[in-house]
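Descriptive structure summary
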Amino acid sequence: MSDLFKINITYSQSHLIMPRIILGVLMILAVVIFIQEYLKARKAKKPFMNIKQWRFFAKDYDKVKLFGSIGLLFAYIVLLNLIGFIAGSIIIASLFNILYAEKKDKKSIAICIGISIIETMVLWFIFGYIFEITLP
Amino acid sequence: MNFMIEFGVIQLLVALLGVVIGIIFGALPGMTATMAIAIFLPLTYAYDLSTSLYLLLGLYVGGISGGLIPAILINIPGTPSSITTGFDGHPMAKRGEAVRALRIGITASLIGGLISLTVLAFFTPVLAKLAIQFSAVEKFLIILFAMTVIAALSRGNMTKGIFAGFLGVFISLMGVFPDNQKLRLIPSLLTTELRDGFQLLPVLIGLFAFSQMFSEAELGMRQMLMKDNVLLDGKETRKFSFKDFKGQIINLFRSGLIGTFIGVLPGVGGSAASLMSYSQCKAWSKHPEKLGTGEVEGLVASETANNGLTGGALVPLLSLGIPGDSTTAVLIGAFMLQGVQVGPLFITQNPDIWNTVLFGLLLSNILMFAVMFWPIKFLANIIKIPMSKLYPAVVLMSVVGAFSTRNGNMTDVVTLIVFGIVGYLFSKIGLPATTFLIGFILGRDLEKYFIDSLKGSGGDLSVFFSRPIGLGIWALIVGFLIYAFLDNRRAHREKLA
């Protein structure tokens, strides 16, 4: 019985003790959540795991803005590596501004690009120049 | 005691900047105080800790206070913590008392902030003194306790709350284990990039800035103005006067203390503080039926409580090293970045920083009042700022922040984006990001104290039940679990009814 309350600590294996325990706890919790959801569905007399009616995104969600944002972020990393902080940031910030703008005529696009240039330069000045923080 | 604090023109300006930016973020629905602190954290690299604390505390107080503007004017809380402010504030605004309601809210916020500051100043040293006696066993148990409380108070969502917390712990364990320098939980392709695991700063900026941005993008980045809004061009039917607070003294103290107390409990957000304070106000009111129709009482209860939260949430952070809410979880990042250990020894080892925290909080509250009270008519225009124009700047600041975490490492920028997506997915499946973050922050300590305790006892688990303080903490853990279980059932029943 007393062995049950003992954990052998071997130096070379000690890095695995905690991850194993936590993984165990997570698995138990996952099972509990699964059962809870099942019981909830049964009580509400709805089919369990209702995939057909389950909606991940909000109704009429803005596909362009959502996936555009994620795409632009990854594009930003590529651009930072290729052309550096100032040019990369101006391009990406402009695209973000245009993506989120309600109107997309010539004038508002010009405003978006203007804002982005100012934003980038201000950031570069404050972070890079005054505070000497390493910029990408 | 040493009362030296660093204070001069720079510190004053930095605090003012923090308060103003905080108010803007707080006042814009779709942006939060937590987000403001997260994206401004990298600036702490440039300053020393005490100067950056002025900025961060300013952001914190400003962010919590700014939420009352849209709550009163357009009936949409700017931050979750002003959720009940609109209940009475908005009807007042519709009656033509918008400025009066705003000024009452601002004054109540100041008083709430001061009450919580007093509690912070007196309570933290006491708690820290108790915690100094903790061995590794108690330190392990107190983290376990914090995680139980977090879960216990995620009402109706307890299991998912615990799950998110442990998931955070699991993710924090990735990388090298310092005791034997061995790698774990890292795919072999990424051994160099993730040797030290994920960095705190990109993880938290991702969770609190990017995930919110994705959610807003999904909804089309639309400004939530329009419907039913009261802007300040109409005629004022009744002006503010400090006499409005006549008969509110008990309400002020009760609400301020409720807010502070809720703040002390780890993991409970500002919305819980204002909701609980509002319901207590209703229970004690002489005419509860009038609440919700534009009563000063309700407005005062809500705004005093949410600013009461600020000082309260710092109590467990500075005495035990455990963050009280999502915003203080971000603040802990600032201390970690500067290599200052928050915990039982914090006050004795860093008396100057401790005094800076107290003074910074006092200053931020006063500045918040000065910046908001008189120019409120002008300030109310904040809610017209389009967030679609602010988010691109948030993106740039976040990337700069993440990149500078380890002086220029692209892995951290990737981490930022990945955790932005993770946070967005969490919000979809109902896992609380705050709980995850707290688990992530405390995970390594949890492991260290666990292994240290076991090393001391030769692997005997009964060591966790051997000391009286430890047993006391166990009693608290079990007590909270029972409370949580009963509260969860009640929440479910209320939902069904």
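Residues numbered from 1 in each chain as written. Chains lettered and ligands numbered in written order. Predicted model: local features only at pLDDT ≥ 70, side-chain atom pairs only at ≥ 80, totals over all residues.

1. What to know about the overall build of chain B
We count it as follows: Only DSSP runs of H or I with at least four residues qualify as helices, and only runs of E with at least two residues qualify as strands; both kinds are numbered from the N terminus onward. Throughout, the radius of gyration refers to the C-alpha atoms, and the reference size of a globule is 2.2 Å times the residue count to the power 0.38. Whether a residue is buried, exposed or partly exposed follows from its count of other C-beta atoms within 10 Å of its own C-beta, namely 20 or more, 12 or fewer, or something in between, respectively; the C-beta atoms are built from the backbone. Any two residues are considered in contact once their C-beta atoms, placed from the backbone, lie within 7 Å.
Within chain B, the regular secondary structure consists of 19 helices and 2 strands. Taking 23 Å as the expected radius of gyration for a compact globule of 497 residues, we find that chain B reaches 22 Å, a close match to that expectation. Each of the three principal axes of chain B carries a C-alpha extent, and together these read 75 × 55 × 45 Å. Split into buried and exposed, the 497 residues of chain B put 59% on the buried side. Excluding contacts between residues fewer than 6 apart, the proportion of contacts in chain B whose partners are at least 24 apart in sequence is 79%.

2. Quick word on the nonpolar core
Heads up, the condition is: By convention in this section, buried Ala, Val, Leu, Ile, Met, Phe, Trp, Tyr and Cys residues joined through C-beta atoms within 7 Å make up a nonpolar core.
Within the largest apolar cluster, 182 residues are counted, with the highest numbers of intra-cluster contacts made by I37, A38 and L204 of chain B. Apart from residues no more than four positions distant in its own chain, I37 of chain B is found in contact with L56, L59, Y60, T327, V330 and L331 of chain B.

3. Examining the interface of chain A and chain B
Short version of the rule: Asp, Glu, Lys and Arg are counted as charged, while Ala, Val, Leu, Ile, Met, Phe, Trp, Tyr, Cys and Pro are counted as nonpolar; the rest, among them Gly, fall into the polar class.
Contact with chain A, which involves 52 residues of that partner, is made by 55 residues of chain B. Looking at the side of chain A that touches chain B, the elements that each hand over two or more residues are α1 (17-43), α2 (63-83), α3 (85-100) and α4 (106-130) of chain A. The element that contributes the greatest number of residues to the side of chain A that touches chain B is α1 of chain A, accounting for 12 residues. Here the residues of the side of chain A that touches chain B are counted per class, giving 37 nonpolar, 11 polar and 4 charged.

4. Some remarks on the domain arrangement of chain A
Worth spelling out the cut-off: An automatic or database domain assignment supplies the residue ranges for each domain.
Considered domain by domain, chain A is made up of domain 1 (2-43) and domain 2 (63-130). Centre-to-centre separation of domain 1 of chain A and domain 2 of chain A, based on C-alpha positions: 45 Å.

5. Topic: helix α8 (residues 200-218) of chain B
Residue and element names in this part refer to chain B. Rules: For a helix, the expected span equals 1.5 Å multiplied by the number of residues minus one. In this scheme, the bend at a residue equals the angle between the axes fitted to the seven residues that finish there and the seven that begin there.
Between its terminal C-alpha atoms α8 stretches 26 Å, which fits the 27 Å expected from 19 residues at 1.5 Å a residue. A bend of about 35 degrees at G206 is the largest found in α8. Of all the 19 residues making up α8, 17 are buried; the element is thus mostly covered by neighbouring parts of the structure.

6. Focus: the confidence of the model for chain B
Applied cut-off: Each residue carries a pLDDT value, the predictor's own confidence for that position, ranging from 0 to 100.
Looking at chain B, pLDDT values average 88 and 95% of them are 70 or higher. What the predictor reports for the complex is a pTM of 0.89 with an ipTM of 0.93.

7. Considering the packing of α3 of chain A against helix α16 (residues 387-404) of chain B
So the rule is basically this: Axis definition: a line fit to C-alpha positions, over the contact stretch in the case of helices; interaxial angles, taken between N-to-C directions, run 0 to 180 degrees. Each angle is binned into one of four classes, with values under 35 degrees roughly parallel, values over 145 roughly antiparallel, values of 65 to 115 roughly perpendicular, and all other values oblique. We call a crossing left-handed when the near helix sits turned anticlockwise from the far one by less than a right angle, and right-handed when that turn is clockwise.
Taken N-terminus to C-terminus, the directions of α3 of chain A and α16 of chain B make an angle of 150 degrees; their axes are 9 Å apart at the nearest point. By the criterion of interaxial angle, the relationship of α3 of chain A to α16 of chain B is roughly antiparallel. By crossing handedness, the relation of α3 of chain A to α16 of chain B is classed as right-handed. Taken together, the residues of α16 of chain B that come into contact with α3 of chain A (itself represented by S89, A93, F96, N97 and Y100 of chain A) are S388, K389, Y391, P392, V395 and L396 of chain B. Here the residues of the contact of α3 of chain A with α16 of chain B sort into 7 nonpolar, 3 polar and 1 charged.

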